[in-house]
Every structure is written in C-alpha cells, then in structure tokens.
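Results of the structural survey
Below are the chains, spelled out letter by letter.
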Amino acid sequence: MSALSFLTRTRGMRRMDWTDWLSYAYLTLGLFLMFGPVLWLVMSSFKTEGALTEFPPRLLPYGQKQVMVPGEDKPKPLYRVRLPDGSVRELPELRRIGLTATHVDPAQPDVPIRVDIKDREPVRELRFALENYTDLGGKLNFGLYLWNSVFITVVATILTLLFNSMAAFALSKYQFRGRSGVFLLILATLMVPPAIVLVPNFLVVSELGLLNSLWGVIWPAVATPTGVFLLRQYMLTIPDELLEAARMDHAGEWRIYWRIVLPLSAPALAVLAIFSTMWRWNDFLWPLIVLSKSEKFTLQLALNAFQGDLVTQWNYLLAMTVITLLPITLVFAFLQKYIAQGIASAGVK
Amino acid sequence: MRQAARTPWLFLGPNLVIFGVFTFLPIVINLYYAFTGGVQLYPRDRPFVGFENLATLLDCGNYLDPSSCRKDIFWRAVWNTARFALFQVSLMVLFALTTALVLNRKIIGRGFWRGVFFYPVLLSPVVVALIWKWILQREGLLNGAMVAVGADPVLWLGEPGWAFTWVIFVSIWAHMGFYTLILLAGLQAIPADLYEAAQMDRASPWRTLRRVTLPLLLPNLLVVLVLAAIRAVQIFDEVFVLTGGGPGSATTFVVQFIYQTGFQEQVRLYGLAAAGSLLLALALIVLTLIQLRATRADKAGERAR
C-alpha cells in the first residue's frame, strides 16, 4: 500500500472522495478557530510588556536583548547603531535624553558614544518573559486569589458529593411517603436559573452573615439537582440484596451508605466531582455579588477587576488568565471521556 | 425488615435545607421584593407598592421603540436579548449540526476532533471573554491581520454593530461544543440499517440527509434549540467581561439590567431588579414548557425508532 493511499483511506477502507476532503477541511478550520485563540493567549502571555504594545503584533514572543555593562547594576537594552563613520555596531544604551541616546561599548565603558535615535534600532531575540508569571505572586496578590478559588472549589465539591449522595441514597434505596414528591421538587430547582433569585439570595446570604465570606459562595452551591439526579440514577442499579445482607449483619444505615453504596457509586461520583470542580472554578455572577472585598476575590473576579482597570497591565493579566485556564485544560485532557459521558447521560453542563 | 421512618429524611436533610434556604425561600422573597419599593434590603423596611415596579418597567409608549419607555434601558435590554437569542440560537444550532454531521462520518481520530470542538465549553466565561478581548482590542491580532492585508483597523468592540456581532460569535464559539455533543449522540443512535437501505435504493447523500438523518434527528434538534434558547435569554457573564454591555447599551442584556439595577448603581433598586427577574422568569417558564413538550416528542421519537 502506498503512503498516499494509506493517508487517504477512510475507516471504511474506501478512497477519499471530495466530501471527505471537505470534512477534513472543516475540521482543520475548526481546530484553527477553537485552539488558535487559546494558543495566541498562551504565546502572548510570554511576551514582555514592551512586546505586547507592538503593533502589528508578532506571532512569537520577541524581547529586546539586554547586556550587562561594567559599572551598572542592571542589564542595559541593546541597539544596532549606525555610527558616523558608517559602520554598524551593536551597543547597549546607557541613557536617553530627548532625541539623543548615550551608548557605550562594554569593552570600553568609559567612552560614551552619542547617537541620534534615528540611527539605531533595537536588537531583538526570542525571549520568553517568564517574569510575567513569577512576578504574579508578589505584585498582584495572586496567591490569595488562587487560594480563594481552590478553597471554594475543593470544599464545595466535597460537600456537593457528600450531600448529593446522601439525598440520592435516600431517594433510591428507601420506600417512604413523599419520595417522588421530594424527587420532583429537587428536579424542579433545575428550572430556577440563578439569575432569577439574585436579589433575594443576596438578602439570605447577608442575613446569614456570609457576605464577603467564601462560605457565602460555597453553601448556596452545594445542593445541585443535577448531582442528585445523576447519583440517584446510578444508585438505582446497585442491587438491594447487598443492602439487605448488610442489614442482616446488623450494619447501621449510615454504615450501609458509607461503606457499601458510596464506594459502589464511585464512577458516578467521579463524574459529579469533575462537573462540580468545573462549575465552582468557573463561577462568576454569584461570587461577583457576594464577594466585593478584593481580598476575598476568586481568580475569575480578580481577572474581571484587572481587565476593567483604567490601565490594564496586559502582561500580568494574560499570565493570570493562562493559569486560570490551566486546571480546566488538564481536566479536559485527561477526563474528557467522563465529561462526554456525563453530558450524554444527564444532558447537563 | 422495617426501617425507622425518619432515616430517609435524615439523609435528605442537608440537601433539602439548602434547597429551601437558597432556592425556594428566595423565590418567595423575590415576589415580595417585586411588589415593594424603596432602597432598603431588609423586607420589613420596604413599603408595599403593589404593581408599581412592574408598571414602571412596562410603561411604554411603543414597545418596539425603547426610547418611548420610562425604563428605556430595560426595553433596550429586552430587544437586545431577543435579537441576540434569535441570531445566536439559529447560528449555533446550524454550526452544531454541521459539526455533528461531520464528526459522525467515518473520519480518522474522531475522539480528537470531538475534543477540539468541546474544549471551549469548559473554559470559564471570564477566560473566554479575555481571550477574545485580547484578539479584538484596538491593537490586537485581528487588527494586525487587517493591516497586513492592507485594510484599515476597526474598533471591533467599540462600534455597536461589530460589538453585537462579536458577542454572538464569541458565545457560539464558547458553547457550540456542548450542543454538538448532544446532536452527535442523537446521530449515533440512528440505526445503521436505515443508511444501508438508503444506499441500496441508491439515494444520494443529500437525499439521505434530508429524508433519513434530519427527520430522525428532529427530536434532538428541538431539545437543543430550546435548551440553547433558555441559555441565550440568560446571557451575561462573557458579555459583561467582553464589552461591559457597551458601547452605550448595544450589548446590554436582561440579566445585566437586573445586576446593574440591583447591585451596581449607587441607588440599589432591589424592587425593580426583582420585577425584572420576574418578567425574565415568565419568559423562561414559557421556554421550559416548550422544552418539556420537545422532550416528550424526543421520548416518543425514541420509541418510534
């Protein structure tokens, strides 16, 4: 089989016809459109502040080359300078006043060379501005925002798993009056979009003293109808005989839930854990209302606040955005199968 | 063996308490807010005003012309939302359907390609908005490309028409993968023998699509349509970060009106915000009823297969 026919064969072992070519063209365009913007963000986040203001922008992060000059503490920017005698040399700039810049040859640091700024251009090199990332910790309280986001995501997800599985256990393994009523009631909350109850929820949370507290974001989020539904459907498939056998052995109801039903529901719990992590990590509108003090901001709120600043420091903003999308990208890379499965089975996002 | 009757309720307890406090109670309070006035947050301090809030919102010379309304910004938001939902939903369903059809073909690396379209769905709205803001800003990548081909740079987010267009584009970009996945599941549930039969009858691919695929996919399409509409009506996050509702009020939508009225303005008119959300809820109830009917059609369709 020749290489071409290997490449062009389809799964049905036919040769490619024009509709196949069209499909791959569509998919390639999709790849470009879907990943391109994210890739552009990531590449831009490695540019220096100077390179970011360049227009038209360059694809790769170029920064001005810098060299050490004897007698100076900081490295100096390097320029390609055309000297009066017509020769061109690469010299670092010491200082610049108006249209005249003072350059120097590092080999002879005592001989200043005055140059008209028309006669020089910066020397560029491919340089990844890692300082965009390393500076975040100190300058922008980044660690605090990260901690707030992680705290909300982890605690809310654990509580979601616990509470929702308890409710699902009751709804799938007990016969009691009002069971279907309760189930319907829980499902009905699916239809109450958070935007509708914004104002009263604000009142409830402030009455509970949870304004500007991370718990004000966590508590309203931990009872999810989706989670109860997903887990209940799964627990229905666990045979009741297992529970009966455990009761024969005088196991308590909590023990049955904790030691038998919960471990057996691990696949469904995993799906819910992934969803809950994404929901809480990405939450915006509700935290925006509850958390107004900047030391309580989550990453999403901090990003929003910085981009709204009069002077947006794009180099830091971009780096922070990349870090914010990193965990989600990892979840996507490794757990995509489970997410697709969850959406297919419950029709939720 | 008889269990204690209260055991299941103990297990249900935490969930029900949270639903009660943060969902059902707020629904009731929301009604109260909508019919009381003033700027106080605590219900006991708020004077009863009856239908005044609703009347303020609905006071309009001509509903099609927001400038003739007392709360012109609300009606601008309403019409923006309607226009947005119309374009966004129809384009989204169209692209999701096309993508699902392509992904359903015999292609190499289907899992990979499916992932490509699904990835943006997972990103947070703030991140989505920032990614595009960075591209669309005055000295961004897109204007760089414009200059490279000899065109003039455009203020993509500064001109009302363009801002609205990009808001639609970005929201489709971010959510299309979700609907593609649902439609793909629907396509894969269509029995293969139907296609074999169509092939036997020498039906053209186009005819097969129109006579076999689309009719059988119709229930899923309906569900996707209504689901997308319910979401579109509630659009807020990514637009708020991308354009802030501007320029002017070109991309201000209903949820942003509620947020601004209740939380962003100096004078916080909770009653007006609640009345606005009541009207939004009304629209959503209508859409949800349509969805329930569509789902029933979906189930019926499954039985018919």
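Residues numbered from 1 in each chain as written. Chains lettered and ligands numbered in written order. Predicted model: local features only at pLDDT ≥ 70, side-chain atom pairs only at ≥ 80, totals over all residues. Heavy atoms only, no water.

**Quick word on the environment of Phe178(B)**
- Within the secondary structure, Phe178(B) sits in helix 7 (residues 160–188).
- Separated by 82 residues in the primary sequence, Phe178(B) and Ala96(B) have C-alpha atoms spaced 8.5 Å apart. (Helix = DSSP H or I, 4+ residues; strand = E, 2+ residues; numbered from the N terminus.)

**Section: the layout of surface pockets**
- Considered as a void within the structure, the second largest pocket measures approximately 1500 Å³ in volume.
- As for the second largest pocket, its lining consists of 35 residues, of which Leu101(B), Arg105(B), Tyr195(B), Pro205(B) and Thr208(B) are closest to the centre.
- At the level of secondary structure, the elements contributing two or more residues to the lining of the second largest pocket comprise helix 2 (18–44) of chain A together with helix 3 (72–103), helix 7, helix 8 (192–200) and helix 9 (205–233) of chain B.
- Considered class by class, the residues forming the lining of the second largest pocket number 17 nonpolar, 10 polar and eight charged. (1 Å grid on protein atoms, 1.4 Å probe; cavity = no way out; pocket = protein on both sides within 12 Å on 5 of 7 lines; lining within 4 Å. Points joined across faces, edges and corners; volume = space filled by probe spheres on them. Nonpolar A, V, L, I, M, F, W, Y, C, P; charged D, E, K, R; others polar.)

**So, the interface of chain A and chain B**
- Each partner contributes residues to the interface: chain A has 96 residues there, and chain B has 92 residues.
- Buried surface at the junction of chain A and chain B, summed over both partners, amounts to about 8600 Å²; 78% is from carbon and sulfur atoms.
- Linking chain A with chain B are one salt bridge, by the criterion used here.
- A salt bridge links Asp20(A) to Arg105(B); its shortest N-O distance comes to 2.9 Å. (Contact = heavy atoms within 4.5 Å. Buried area = accessible area lost by both parts, 1.4 Å probe. Salt bridge = Lys/Arg side-chain N within 4 Å of Asp/Glu carboxyl O.)

**Points about the pattern of salt bridges**
All names here are of chain A.
- Under the counting rule described, the total for this entry stands at 12 salt bridges over all chains.
- A salt bridge links Arg-82 to Asp-119, with the shortest nitrogen-to-oxygen separation between them at 3.8 Å. Here Arg-82, found in strand 3 (residues 76–82), pairs with Asp-119, found in the loop between strand 6 (108–116) and strand 7 (120–122); they are 37 residues apart in sequence, far enough to count as distant.
- Residue class for Asp-119 comes out partly exposed when judged on its relative accessible area of 27%.
- Salt-bridge contacts for Arg-280 lead to Asp-283; the nearest nitrogen and oxygen are separated by 3.1 Å.
- Residue Arg-280 is classed as buried on the basis of its relative accessible area of 13%.
- Salt bridges here are not isolated pairs; linked through shared partners, they connect Arg-80, Glu-90 and Glu-121. (Buried < 20%, exposed > 50% of the residue type's maximum accessible area, 1.4 Å probe, protein only.)

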